[in-house]
Amino acid sequence: MVAVIFFAVMALSLVVALAARAGLKNKSMGEYLVGGRSFPAWLLYFLAVGEVYSIGTMIGLPSGIYSGGASYGVWFVGYILMAYPIGYFLAPLIWRAGVRHDAMTIPDVFGKHYASRSLEIVTAIVLLLALVPWGQYQFIGLQVVLDGLGLDLSPEASVIIAGVLAFAYLLASGVRSPAFVSILKDSVMVLSVIVVGLVAVAEAGGTFKTFDTAGISKAMTTLSGDPLTFTVTTIVFQSITFYLGFSAGFVFTSRSERAIKSSTVWMPMYMLIYPFIFLASFYAVTQMDGIDDPNTVFMDVTLELLPDWLVGVVAAGAGLSGVLVLSVTALQIGGVVTRNLIPNVRSELQRTVSNVVVALFLVAGALLTLAGSSIMLTVLNLTYYLLGQLVPGWLALMFFRRIQAWAVSAGMIAGFAASLLIYNLEPDLAGVNGGLVAVAVNFLLVFGISAIAPGPERVPMARWQYPHRDGAHRPPAAAPAAAGREVD
Amino acid sequence: MSTPTPHSTPGPAGASGGERTLADRRSLAIGLGVPMLMLLIVIPVLSDTDVHVAGVPLLFVLLFAAMPITSAALWVAWRLDAPRYEADLVDEAPHHDGEGER
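Conventions we followed
- Residues numbered from 1 in each chain as written.
- Chains lettered and ligands numbered in written order.
- Predicted model: local features only at pLDDT ≥ 70, side-chain atom pairs only at ≥ 80, totals over all residues.
- Heavy atoms only, no water.
- Helix = DSSP H or I, 4+ residues; strand = E, 2+ residues; numbered from the N terminus.
- Buried < 20%, exposed > 50% of the residue type's maximum accessible area, 1.4 Å probe, protein only.
- Contact = heavy atoms within 4.5 Å.
- Areas by Shrake-Rupley, 256 points an atom, 1.4 Å probe, with all protein chains shown as cover.
- Polar contact = N/O pair within 3.5 Å; in protein donor to acceptor, adjacent residues only side chain to side chain.
- Patch = residues over 30% accessible without salt bridge, like charges linked within 9 Å, V, L, I, M, F, W, Y side chains within 5 Å.
- Salt bridge = Lys/Arg side-chain N within 4 Å of Asp/Glu carboxyl O.
- Phe/Tyr/Trp six-rings, centres within 6.5 Å; stacked < 30°, edge-to-face > 60°.
- Lys NZ or Arg CZ within 6 Å of the ring centre and 35° of its normal.
- pLDDT = per-residue confidence, 0-100.
- Axes fitted to C-alpha atoms, helices over the stretch in contact; angles between N-to-C directions.
- Parallel < 35°, antiparallel > 145°, perpendicular 65-115°, else oblique.
- Left-handed = near helix turned anticlockwise from the far one by under 90°.
- Nonpolar A, V, L, I, M, F, W, Y, C, P; charged D, E, K, R; others polar.

Peer 1: An account of the overall build of chain A is needed here, citing residue identities and associated values.
Peer 2: Counting secondary structure elements, chain A contains 22 helices and two strands. Per-residue burial for chain A yields a buried fraction of 66% across its 488 residues. The long-range share in chain A, meaning contacts at least 24 apart out of those at least 6 apart in sequence, stands at 86%. Accessible area of chain A: about 15,700 Å², with a carbon and sulfur share of 66%.

Here it is as structure tokens:
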């Protein structure tokens, strides 16, 4: 029963994905990657929450709370919450950069703004590598969900099924499909999370019992010392990276700066699902016997408390979020490969290479998942370490005039290397998020080199206004709009 | 290269680099300042306490309260910013590409 409902919802989502593209005449790359820069605020909202609330919300967060206590819960929720106000002010600049440079990917923006092909390639490679742990993150969650279907699948079979599901989505891909599928996914996800949370607190006998601190460590419900430092520095680092590293993809789809800003206002309200996830997680902490693999906490709670058909719905919500994010990520990867790595080869070859790279991405994520058990939120930290290396380049092109292109490349490469070293060697940083340290190295190089040997004068995005048509701000969809003007 | 034309309405100064107005500063102070205060000052300062509210640890109560507070702060910021984005409203209607072709 669990598996039947799970696969029925997944099939329904594929129908929605195909329907979203049916009848669409515009089959251009601009439509495929950035929806022709036409999304209104409401569609932008669903695409954003569709990408943001991945399988980590249902599977990763409970795992983090169960194994790492309050610190993991607070930084996970805190960085997403802090990201929205930052995005409210910075995302319009990202969109404007996309318009100015007719960009559909981040490497497009960097390469054109700094007029450097080598920087474009470095950015593309860093982005592609940074997305591998993000893929792994989704695969771990999907493996947990598929394990919970009661089909007695081997780990290998689970990741293969997850990969096949993601590939099925790719066939119906284009950024418009995930935006509509995310409406279905979010409905199922919100319903699932609320039901599990409420049933958990009812079963425990109220909130006092759910959060009963008698038998648990103080670190489960309070913060101090290094965990507090880690929490605060992680919120700062990941909230900035959230829009500048992750979210340019959905920002580019917007039809205007107004749509970006107005859609951001209510995004924090979606986060009111998190209290229910905390309830389910603490039910596991205080009411259930030891759980061997923390990653399975949410599914274990669900299996213990809910009837089979409802377990199927919950599994579908989680699974859909993982598959949806995998497909959007694969879409971004395809875009980066074709536009930034091999832009000048014939289209058939582009498509072949793009498919190979996407397949490699899926295989790499799957192999890392099988290679060893990792706490999901640790893998999320690594993803942010790596994506955070795009932040100095973004801030430089938004606010500074004379930045050297090769300094941005050097900073990115050094920051990327520092991230991997810190993640693997785990030096004692007194609780400071390792990604913040790595990005500090990156900042030092970008701005240090540019101070000693300034680059040519370039108008930063904060000082650039796009040309308007008939009083409107919007440029032609996904068409060059380089003739802006500087505003002082 | 098309010839840039001047804006018929004041540009979105807070984001696009025009002169910073009082509304910009108030928008920034409320939209960014309030969530930062909540997440980076209030919660860390009160994070090491055994106080519970209706059975829920205070740390989590504050975290959950920060969600509607952040939306409220952004709503106020948007009330201040919206008049400077009125030109974008022209594009809220269906147009020739994207959805308009469906």
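Peer 1: Talk me through the overall build of chain B; I want residue IDs and the actual numbers.
Peer 2: The number of helices and strands found in chain B is three helices and two strands. Seen in sequence order, chain B has helices and strands lined up from the N terminus as α-α-β-β-α. Sorting the 102 residues of chain B into buried and exposed places 46% on the buried side. Taking the intrachain contacts of chain B between residues at least 6 apart in sequence as the baseline, contacts between residues at least 24 apart amount to 62%. Only carbon and sulfur atoms are counted for the fraction: they give 68% of the accessible area of chain B, which is about 4,900 Å².

Peer 1: Provide a residue-level description of the side chain of Ser13(A), including the pertinent values.
Peer 2: Residues and elements named next belong to chain A. Within the element layout of this structure, Ser13 appears in helix H1 (residues 2-21). Relative accessible area serves as the criterion here: at 0%, Ser13 is assigned to the buried category. At 2.5 Å, the side chain of Ser13 forms a polar contact with the backbone oxygen of Met10. Not counting the four nearest positions on each side in its chain, Ser13 is found in contact with Tyr169, Val181, Leu184 and Leu320.

Peer 1: Before we move on, could you go through a nonpolar patch on the surface and cite the residues and values that matter?
Peer 2: On the surface, a cluster of nonpolar side chains totalling about 420 Å² of accessible area is made up of Trp266(A), Met269(A), Leu272(A), Trp75(B) and Val76(B). If you trace the backbone, Met269(A) turns up in helix H14 (residues 267-270). A residue is classified by how much of its surface remains accessible, and Met269(A), at 31% relative accessible area, is partly exposed.

Peer 1: Explain the packing of aromatic side chains to me, and be specific about the residues and the numbers.
Peer 2: Residues and elements named next belong to chain A. Under the definition given, this model contains 25 aromatic pairs over all chains. When the ring of Phe76 is compared with that of Tyr79, the centres are 6.1 Å apart and the planes differ by 85°; the resulting orientation is edge-to-face. With a gap of three residues between them, Phe76 and Tyr79 both fall in helix H5 (residues 70-100), about one helical turn apart. Of the two residues examined, Phe76 and Tyr79, each falls in the buried class. Ring geometry for Tyr385 versus Tyr423: centroids 6.2 Å apart, planes at 90°, classification edge-to-face. Pair noted here: Tyr385 is in helix H19 (residues 376-387) and Tyr423 is in helix H21 (residues 405-425), with a separation of 38 residues, a long-range link. The exposure class assigned to Tyr423 is partly exposed, which follows from its relative accessible area of 22%. Aromatic rings pair up to connect Tyr72, Trp75, Phe76, Tyr79, Tyr84, Phe230, Phe242, Tyr243, Tyr274 and Tyr384 into one cluster. Here Lys261 stacks its cationic end above the ring of Tyr88, 3.7 Å away from the centre of that ring.

Peer 1: So what's going on with the confidence of the model for chain B? Residues and values would help.
Peer 2: All names here are of chain B. The predicted model of chain B has a mean per-residue pLDDT of 75, with 64% of residues at 70 or higher. Across chain B, the secondary-structure element scoring lowest on mean pLDDT is helix H1 (residues 13-16), at 42, and the one scoring highest is helix H3 (residues 58-81), at 96. Across residues 1-17, where pLDDT falls below 50, the model places 50 contacts with residues more than four positions away in sequence or in other chains. Low confidence marks residues 95-102, where pLDDT is under 50. Its contacts with residues over four positions away, or in another chain, come to 28 contacts. The ipTM for the predicted assembly is 0.87, set against a pTM of 0.86.

Peer 1: An account of the packing of H5(A) against helix H11 (residues 225-246) of chain A is requested, with residue identities and associated values reported.
Peer 2: Residue and element names in this part refer to chain A. One can describe the packing of H5 onto H11 by two numbers: an axis separation of 7 Å at closest approach and a directional angle of 30°. As far as their axial angle goes, H11 and H5 are roughly parallel. Read as a crossing pair, H5 and H11 show a hand that is right-handed. For the contact of H5 with H11, the class distribution of residues is 18 nonpolar, seven polar and no charged.

Peer 1: Give a detailed account of unusual backbone geometry, specifying residues and quantitative values.
Peer 2: All names here are of chain A. The phi dihedral of Asp102 falls on the positive side, at around 50°, and the residue is not glycine. Note that Asp102 resides in the loop between H5 and helix H6 (106-113). On the basis of relative accessible area, Asp102 is assigned to the buried category, the value being 14%. For Glu426, which is not glycine, the phi torsion reads 50° and is therefore positive. Topologically, Glu426 is positioned in the loop between H21 and helix H22 (434-452). Glu426 gets classed as exposed once you look at its relative accessible area, which sits at 66%.

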